[in-house]
Amino acid sequence: MNITLLWTDIMVWLLLFSIIVWGYIVSRSPRVREQWRSIFKSKIALSSAIILLFYLSFALIDSIHFRVENQHRVVSLLDIAFEHRVKNRERTYSAPFATHEYSKDITIINGETKQIYRDLKYVHSGNIVIDTIKSILIGVAISLFLIWLHIRYRKKRGKDSIIPWSSGYITLTTLIVLFSWLYIMSFSYHVLGTDKVGGDVLYATLKSIRTGVLIGVLTTLVMLPISIALGVSAGFFRGWIDDIIQYIYTTLNSIPSVLLISATVLIVQVLLDNHPDWFNSTLERSDLRLLFLVVILGVTSWTGLCRLLRAETLKISQIDFVKASKAFGVTNFNIIRKHIIPNLMHIILISVVLDFSGLVLAEAVLSYVGVGVDPTMYSWGNMINQARLEMAREPMVWWSLFSSFIFMSILVLSANLFSDRIQVVLDPRNEV
Amino acid sequence: MLLYIIKRILYAIPILIGVNLITFILFFMVNSPNDMARSQLGAKQITPQMIEAWKESKGYNKPLFLNNKSKGISKITDTLFFQESLKLFTFNFGYSDNNRDIKEDIKERMYPSLAIALPTFIIGLVTNISLALIIILFRGTILDTTTMVVAVIIMSISGLFYIIAGQVLFSKMWHLVPISGYQSGFGAIKFVILPIIIGVFSGIGSSVRWYRSIFLEEINRDYIRTARAKGLSETSVLFKHLLPNGMLPILTGVVVIIPTLFMGSLIMESFFGIPGLGSYTIDAIKAQDFAIVKAMVFLGSFLYIVGLILTDISYTIFDPRIKLG
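Conventions adopted
- Counting starts from 1 at the beginning of each chain's written sequence and moves along it residue by residue.
- Here the convention is simple: chains get letters from A, ligands get numbers from 1, in the order in which they are written.
- This being a predicted model, a pLDDT of at least 70 is required before a residue's local features are given, and a value of 80 or more before pairs of side-chain atoms are given or counted; all residues contribute to the totals for chains, interfaces and linings.
- As a rule here, side-chain values cover all heavy atoms of the structure and leave hydrogens and water aside.
- Strands are labelled as partners when DSSP assigns at least two bridges between them.
- Numbered from the N terminus, helices here are DSSP runs of H or I no shorter than four residues, and strands are runs of E no shorter than two.
- Two residues qualify as a contact provided that any one of their heavy atoms is within 4.5 Å of a heavy atom in the partner residue.
- Values labelled buried area give the accessible surface lost by two parts on being combined, using a 1.4 Å probe and summing over both.
- The salt bridge criterion pairs a side-chain nitrogen of Lys or Arg with a carboxyl oxygen of Asp or Glu, the two atoms within 4 Å.
- Side-chain classes follow a simple rule in which Ala, Val, Leu, Ile, Met, Phe, Trp, Tyr, Cys and Pro form the nonpolar group, Asp, Glu, Lys and Arg form the charged group, and the remainder, Gly included, forms the polar group.
- To sort residues, take the accessible area from a 1.4 Å probe on protein chains only and compare it with the maximum for the residue type: under 20% means buried, over 50% means exposed, and anything in between is partly exposed.
- Here an angle of 0 to 180 degrees is reported between the N-to-C directions of two axes, which are lines fitted to C-alpha atoms, with helices fitted over the stretch in contact.
- Should an angle fall under 35 degrees it is taken as roughly parallel, and over 145 as roughly antiparallel, whereas 65 to 115 is taken as roughly perpendicular and any remaining angle as oblique.
- Note on convention: the crossing is left-handed when the near helix lies turned anticlockwise from the far helix by less than a right angle, right-handed when the turn is clockwise.

### Observations regarding the sheet that holds strand S2 (residues 65-67) of chain A
Residue and element names in this part refer to chain A. Overall, antiparallel pairing links the 3 strands, which are arranged S1-S2-S3 in an open sheet. Across the chains shown, the open sheet's two edge strands, defined by having one partner strand only, are strand S1 (2-3) and strand S3 (74-76). Pairing between S1 and S2: 2 bridges, direction antiparallel. Each residue of the ladder has a partner; that of Ile 3, found in S2, is Phe 66.

So this is what it looks like as structure tokens:
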């Protein structure tokens, strides 16, 4: 097995790397450090940040791909961890923790035709109580180890912190215990049931994390340079540059976004159909489509932030310190880099986190319309879309819907709570 | 005032041309008529003659921007861009892939869309403003914080969840309304009531938060303090002073949505089987019917621009401080 990075993998790791570099650079400024400390003073913000990091780590684990020797298959670290659920598919639906299939099936027993619930093939009814205790112990042990590491690190730094770490530790422990329970149980049961073709729903939901997170963060990566460059230059240079940029974003804005996205995705689809030589496995095809989707979403959604940045730049360039730098003969580029951009940071940060939650929700809607990620790709939108078709069945097949909605809502909720806190702390209007 | 409106309308024309250019580039240049023919014909063996015939039948065999074979004005008019895109300005949308007049279809499907979108909009606006006012009345109390937490939670759950949960509860379990479908006239009520309720509910979270922040900004102004100093009761401060002033940003913020209500809601209509413009669009996207998608893109942008102009006008009507020249 050797590592193969898909296009989106490269983008994710590049993004992570640039965030770390950016974080290192800004953390040298004491004012920024004070602001971030103030953000994490809130227990809710700290807990949401930990939940977001937890999701992110799943996306990252799922973004290291290997090519399996002699097989036309690319698997990720997450696939390897869940190999027992990837390979062993049941035949059809089954409820969470079920030992039998969901619907009756005709079989011949001793020459008689009977309708029975067939046994699931890959369920070994273990002892739930013992497994639960085992997983809680393991989970607590892992979290205690991490917390111990962190406390040691804090002691070494020696400063007394105002950040409510204890609530952060509780969140972390809860998450780790919950996950280790799901993971250990997944060896003997289908914890969240199986889908139409017998695939494990827990595995599908966890795989969907990568899709959701990627659409949220990579779109921002595409969107940010466009909106910053255009917004700042419209506000700073004014005149005809401003007119042109305003014209561009009014035009793009006036096209209903779902339609613009679907039109573009349809075209990309035709493009991919006509160029089968661009990829050599279905996974790479769906990855390419995800990449296109992210680019399309980025290109269609920069207008809002651009308008905000333009207005703010207009305001800032009127302030005396910018005028003074101009009078001193500082080049435009340096004024923008040193005076304008740092003063726009709070707007950018707030809208990035807000957009993230919007994009995760949008993915589900787009997949429903049929212009989201590739149908073969694991995503919450695809899961909802498939489960929706089974709504008429009696009793209802609720588990796919349930797990995708729960996982999606927790991600979006923590992003929203976190962005609220950022807004409270960073928005200068709130200082009064 | 009139001059201003005329100026705004003239400004709308280059934007619409820009929209046309974008759709044209998307539909005809990135994805050339040859590609379209290949994916539409779908056969294994496609001969160049078949492609030509398909293009001929659709009128796609003209050059893109400039026809060198023609003379005079038809050098520009006898091109794909002029024929396929600029004629949209006359609301001539052409025919869909199954040879139906798109304009007629749109006229017919407009009403079911409005039957859902308009009540959702009005009821939603009234509910959200009232809720925001109540929260302002109880600001700083436990009611305020709990409602705000609930609002974030409502906001964080996918709209698809509300639709599915609504259908399961109201239609499948309690059998109160049919699960999907539509009929014209008064019979429509039982089909549209659930979409309206769900539409209003799923909008509560973000709107109430937004309106609350608008009202909160207003409530710290001097005129409110003056009104309190005069000895007015808190309710009369809220309704007589805060509401009219707070309505201003709200109204001008929502005016832009009103014309686009015609477009209907994509998701809602297709879940509930309402034969409106939203489901029309979705079906067209799923069937890759580019003529319909193109028409809907144009219609949507047109209505949005109308909304922008209405917003500007509404400023002058509601806000006497703004004078336009």
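### Let's talk about the interface of chain A and chain B
In this assembly, 43 residues from chain A lie in contact with 45 residues from chain B. Regarding the contact of chain A and chain B, the summed buried area is about 3800 Å², with carbon and sulfur atoms giving 74% of it. When the area that chain A buries against chain B is broken down by residue, the three leading residues are Leu 259, Ile 267 and Tyr 368 of chain A, summing to 16%. At the junction of chain A and chain B, the tally comes to 1 salt bridge. Between Arg 209 of chain B and Asp 420 of chain A there is a salt bridge, with the nearest N and O atoms lying 2.8 Å from each other. Of all the elements in the fold, those that place two or more residues in the side of chain A that touches chain B are helix H9 (239-254), helix H10 (257-274), helix H14 (332-369), helix H15 (380-388) and helix H16 (399-426) of chain A. Broken down by element, the side of chain A that touches chain B gets its largest block of residues, 12 residues, from H10 of chain A. Classifying every residue of the side of chain A that touches chain B gives 28 nonpolar, 10 polar and 5 charged.

### Some remarks on the pairing of strand S4 (residues 105-109) of chain A
Residues and elements named next belong to chain A. Judged from the 5 bridges that link them, S4 and strand S5 (residues 112-116) form a sheet pairing that is antiparallel. Residue pairing for S5: Ile 106 is matched across the bridge by Gln 115. Between the end of S4 and the start of S5, which pair antiparallel, lie 2 residues, with Asn 110 showing a positive phi angle near 50°.

### Quick look at unusual backbone geometry
Positive phi, normally seen in glycine, also occurs at Arg 238 of chain A, with a value near 55°. Residue position: Arg 238 of chain A is located in the loop between helix H8 (201-237) and H9. Of note in the backbone geometry, His 175 of chain B takes a positive phi value of approximately 50° without being a glycine. Tracing the backbone through its elements, the reader meets His 175 of chain B in the loop between helix H8 (159-173) and helix H9 (189-219). Taking relative accessible area as the criterion, His 175 of chain B reaches 62% and is therefore assigned exposed.

### Here's the deal with the packing of helix H3 (residues 43-61) of chain A against H8 of chain A
Residue and element names in this part refer to chain A. For the pair H3 and H8, the least separation of the axes is 8 Å and the interaxial angle reads 100°. As judged from the angle between their axes, H3 and H8 are roughly perpendicular. Residues Tyr 55, Leu 56, Phe 58 and Ala 59 of H3 lie in contact with H8, whose contacting residues are Leu 206, Ile 209, Arg 210 and Val 213. Broken down by class, the residue content of the contact of H3 with H8 amounts to 7 nonpolar, no polar and 1 charged.

### Here's the deal with the pattern of salt bridges
Across all of its chains, the model carries 18 salt bridges over all chains by this definition. Notably, a salt bridge pairs Arg 310 of chain A with Asp 242 of chain A, separated by 2.7 Å at the nearest N-O pair. Of this pair, Arg 310 of chain A sits in helix H12 (residues 303-317) while Asp 242 of chain A sits in helix H9; the two residues are 68 residues apart in sequence, bridging distant segments of the chain. We classify Asp 242 of chain A as buried; its relative accessible area is 8%. A salt bridge links Asp 312 of chain B to Arg 8 of chain B, with the nearest nitrogen and oxygen atoms 2.9 Å apart. Of the two residues, Asp 312 of chain B sits in helix H15 (residues 290-318) while Arg 8 of chain B sits in helix H1 (residues 2-30), which places them 304 residues apart along the sequence. Residue Asp 312 of chain B is classed as buried on the basis of its relative accessible area of 17%. Residue classification places Arg 8 of chain B among the partly exposed positions, given a relative accessible area of 23%. The network of salt bridges with shared partners includes Asp 62, Asp 79 and Lys 207 of chain A.

### Considering the packing of H8 of chain A against H12 of chain A
Packed helix pairs are specified by the crossing angle of their axes together with the interaxial distance, meaning the distance between the axes. Residues and elements named next belong to chain A. Running from amino to carboxyl end, H8 crosses H12 at an angle of 35°, the nearest separation of the two axes being 7 Å. Pair H8 / H12 crosses with right-handed handedness. In this structure, H8 contributes Met 223, Leu 224, Ser 227, Ile 228, Leu 230, Gly 231, Val 232, Ala 234, Gly 235 and Phe 236 to the contact, and H12 contributes Leu 305, Cys 306, Leu 309, Arg 310, Thr 313, Leu 314 and Ser 317. Counted by class, the contact of H8 with H12 contains 11 nonpolar, 5 polar and 1 charged residues.

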